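Geometric and topological summary
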Amino acid sequence: MKKINIIALCLVTLTGCGKLDNQSKPERVAPAPTKPGKSDPAQNTPEQPRLQTETIPASTPAERMPVVIDSLPKEPVKVPMLGRVWTSADGRTLEAELITRRVDTVTLRRNADKKEFTLPISNLSDADRVYLGTSSVPVTQVKAFDLSRLNTLKTAIPTLAAIAPLDSSDPIITDSYSKYKRSIQVLSQTGYARSLEMIRGQIESDLKRLAPTSVTVLKNPPILTPMGWTKGSGAWREVWAARSIMAWLNGPLNNYLTELEKLR
């Protein structure tokens, strides 16, 4: 009797487990019947291949594309022109600034190299002359050029005297004197200041050229004796000519040019 009860209990337990299995399984729903003549598009569409995707990690701030500031092209900086474009009577142009204005001339400073030019107003175009009439640059009053004084000075050029016993008619002496005399004889009111500057420049150049020769020590220079000068030897003529010319350039001619410069 006891064995029968144990067997019955086992059967009841197995029956309960079967019911639980049936409740846990989902019911299979039969597909809805399709109408004849119409096909299911999902069934006819071929299966699309699956794309393999990869998760890209977010970039760190150091790996990000740098931000370009002011990437747009900038316009070139325009430098304002000093003065104006001047035009000569024959059509030539010059970008320059007006420096000084006189009654009949103007001084312009070229923008390209800052070089100054003094030009007669009569050589400028009509537009430039009209501009000068309305310009705020005051007219610089200059004294009248004393042409008669210049002509008088031209007749009083100091002579170049050679140091004895060198003769003043020596070609080295006469050539140097003639060169400066020609430069002085052609002086005129037009370009007067510039001509004097060129003569001053020539004097400076000659002094530098003659200096090494003038200090040369001679072994047998001419010597003044009771019987007169000795003949001497070597290049004493060149040395004494250099000394004579340098003394003339630094002394009489320098003083003479100072008088000429007072006429400006």
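Our structure's up above, just so we're on the same page.
The structure presented is a predicted model; accordingly, all values stated were derived computationally and were not measured.

A few words now on the overall build of the protein chain. In terms of regular secondary structure, the protein chain is built from seven helices and six strands. What you see in the protein chain, going N to C, is helices and strands ordered as α-α-β-β-β-β-α-α-α-α-β-β-α. Out of the 264 residues belonging to the protein chain, those deemed buried represent 22%. Pairs at least 24 apart in sequence give 56% of the contacts found in the protein chain among residues at least 6 apart. Surface summary for the protein chain: the accessible area is close to 20600 Å², and the carbon and sulfur share equals 58%.

We now examine the nonpolar core. Of all hydrophobic cores here, the largest spans 33 residues; its most connected members are Ile184, Tyr192, Ile203, Leu249, Leu253 and Leu260. Secondary structure elements with two or more residues in this core: helix H4 (147-154), helix H5 (171-185), helix H6 (192-214) and helix H7 (236-261). Broken down by element, the residue count for this core peaks at 13 residues, all from H7. Excluding residues that lie within four positions of it along the chain, Ile203 makes contacts with Tyr180, Leu249, Leu253 and Leu257. Residues Ala96, Val106, Leu108 and Leu132 belong to the second largest nonpolar core, which totals nine residues.

The subject of this paragraph is the packing of H4 against H7. At a closest axis distance of 10 Å, the pairing of H4 and H7 adopts a crossing angle of 165 degrees. If you check the angle between H4 and H7, you find them roughly antiparallel. The interaxial crossing formed by H4 with H7 has left-handed handedness. Facing Arg149, Leu150, Leu153 and Lys154 of H4, the residues of H7 in contact are Tyr256, Glu259 and Leu260. Broken down by class, the residue content of the contact of H4 with H7 amounts to four nonpolar, no polar and three charged.

One ladder, built from four bridges, connects strand E1 (residues 84-87) with strand E2 (residues 93-101); its direction is antiparallel. Directly across from Trp86, in E2, lies its bridge partner Leu94. The hairpin formed by E1 and E2 contains five residues between the paired strands, and Gly91 there has a positive phi angle of roughly 100 degrees. In the sheet, E2 pairs with strand E3 (residues 105-110) via five bridges, with the strands oriented antiparallel. Across the sheet, Arg101 pairs through a bridge with Val106, a residue of E3. In sequence, E2 turns back onto E3 through a hairpin of three residues.

Reading the values: rules and limits
- Residues numbered from 1 in each chain as written.
- Predicted model: local features only at pLDDT ≥ 70, side-chain atom pairs only at ≥ 80, totals over all residues.
- Heavy atoms only, no water.
- Helix = DSSP H or I, 4+ residues; strand = E, 2+ residues; numbered from the N terminus.
- Buried < 20%, exposed > 50% of the residue type's maximum accessible area, 1.4 Å probe, protein only.
- Contact = heavy atoms within 4.5 Å.
- Areas by Shrake-Rupley, 256 points an atom, 1.4 Å probe, with all protein chains shown as cover.
- Core = buried A, V, L, I, M, F, W, Y, C linked by side-chain atoms within 4.5 Å.
- Axes fitted to C-alpha atoms, helices over the stretch in contact; angles between N-to-C directions.
- Parallel < 35°, antiparallel > 145°, perpendicular 65-115°, else oblique.
- Left-handed = near helix turned anticlockwise from the far one by under 90°.
- Nonpolar A, V, L, I, M, F, W, Y, C, P; charged D, E, K, R; others polar.
- Pairing = 2+ DSSP bridges.

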